Amino acid sequence: MRMPTEPVEPAVPRNFLRPCLLLLLREQPAHGYELLERLPPLGFGRDDPGGLYRALRALEREGLVHSSWQPSPEGPDRRIYELTRAGMEVLHGSAKSLAAGREMLEVFLSRYGEFVSLAGAGDTARQRSPAPS
Amino acid sequence: MGELDALRVREEVLQAMYWMRSEGLAETPDADLLARFLAVPAATLSPYLERFAGEGYLEAAEAGYRLTDRGQEAGKRTFAEEFADLTRPTHGECDDDCWCHESPEEAARCLEGKAEHAHAH
């Protein structure tokens, strides 16, 4: 059985933006705009820089991210963000939690797949804007 | 609006506007854009923006506001001050092979360097 495909809102954990930002900063320190550019592959759109700004500030208040001014040859200095040791630990905890959740999701999807094919459902997933964390 | 509220909102607005400008996102944001950025109602924010313009931190530009030199300096400075105590690195945040473990003097230099964001492992 194959159901009609419509745009699907991906079901991701609440505050998924937080571990995504920690992951991006684990890969390399970055400016805000650069983070905005690197978020789409993780399912976030680029149309809400305010959500990103608020999330970064919250992460910084919690000591998970550190930022400092970096001189810019053209225009004002820019804020560059990097992961702290505490942020690295929280990221690791999030990754373990997501891995545990993935196992449950795979069981669920496998069992549901006995009734209905979901082939292609992921192709129609809409990108989300960064939500307030 | 109370003076303390105005001070708090001013810092939030100036910091956000400096960040938006430095990231190339918006040079002259209007009240709606700033309100979305800060997740507050635009109607609440508008009187504050007018006040900050009157105080010389902002100037009306196009359909929105632009940071004046004074506003730009204040936005940048308060941003750094807000997080200075929270994010100041402490010894032990470095990797195990960091040269700062070699002696107390090296550790002190490492902390200074990290505080200036010149330290990369």
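Residues numbered from 1 in each chain as written. Chains lettered and ligands numbered in written order. Predicted model: local features only at pLDDT ≥ 70, side-chain atom pairs only at ≥ 80, totals over all residues. Heavy atoms only, no water.

Moving on: the sheet that holds strand E2 (residues 65-70) of chain A. Residue and element names in this part refer to chain A. With respect to topology, 3 strands assemble into an open sheet ordered E1-E3-E2, the strand pairing being antiparallel. Every other strand in the sheet has two partners, leaving strand E1 (30-31) and E2 as the edge strands with one partner each. As paired strands, E2 and strand E3 (residues 78-83) are joined by 6 bridges and run antiparallel to one another. Within E3, the residue paired with Gln 70 across the bridge is Arg 78. Strands in contact with helix H1 (residues 17-27) are E1, E2 and E3; relative to E3, the strand with the most contacts, it is inclined by about 95°. (Pairing = 2+ DSSP bridges. Helix = DSSP H or I, 4+ residues; strand = E, 2+ residues; numbered from the N terminus. Contact = heavy atoms within 4.5 Å. Axes fitted to C-alpha atoms, helices over the stretch in contact; angles between N-to-C directions.)

Further remarks concern the interface of chain A and chain B. Each partner contributes residues to the interface: chain A has 26 residues there, and chain B has 27 residues. Put simply, chain A and chain B have 3 salt bridges between them. Two residues, Arg 78 of chain A and Glu 23 of chain B, come together in a salt bridge whose shortest N-O distance is 3.1 Å. Elements represented by at least two residues in the side of chain A that touches chain B include exactly helix H2 (32-38), helix H3 (49-61), E2 and E3 of chain A. It is H3 of chain A that contributes the most residues to the side of chain A that touches chain B, 9 residues altogether. For the side of chain A that touches chain B, the class distribution of residues is 11 nonpolar, 6 polar and 9 charged. (Salt bridge = Lys/Arg side-chain N within 4 Å of Asp/Glu carboxyl O. Nonpolar A, V, L, I, M, F, W, Y, C, P; charged D, E, K, R; others polar.)

A separate point is H1 of chain A. Residue and element names in this part refer to chain A. With 8 of 11 residues buried, H1 is to be regarded as a mostly interior element. Among all positions in H1, only Leu 17, Arg 18, Pro 19, Cys 20, Leu 21, Leu 22, Leu 24 and Leu 25 are buried. The inward-facing, buried residues of H1 contact E1, H2, H3, E2, E3 and helix H4 (85-112). (Buried < 20%, exposed > 50% of the residue type's maximum accessible area, 1.4 Å probe, protein only.)

Moving on, we come to the confidence of the model for chain B. Residue and element names in this part refer to chain B. Averaged over chain B, the pLDDT score is 81; the fraction of residues at 70 or greater is 69%. Mean pLDDT per element in chain B: helix H5 (residues 104-115) is the minimum at 59, and strand E2 (residues 64-67) is the maximum at 96. Complex prediction metrics read pTM 0.75 and ipTM 0.75. (pLDDT = per-residue confidence, 0-100.)

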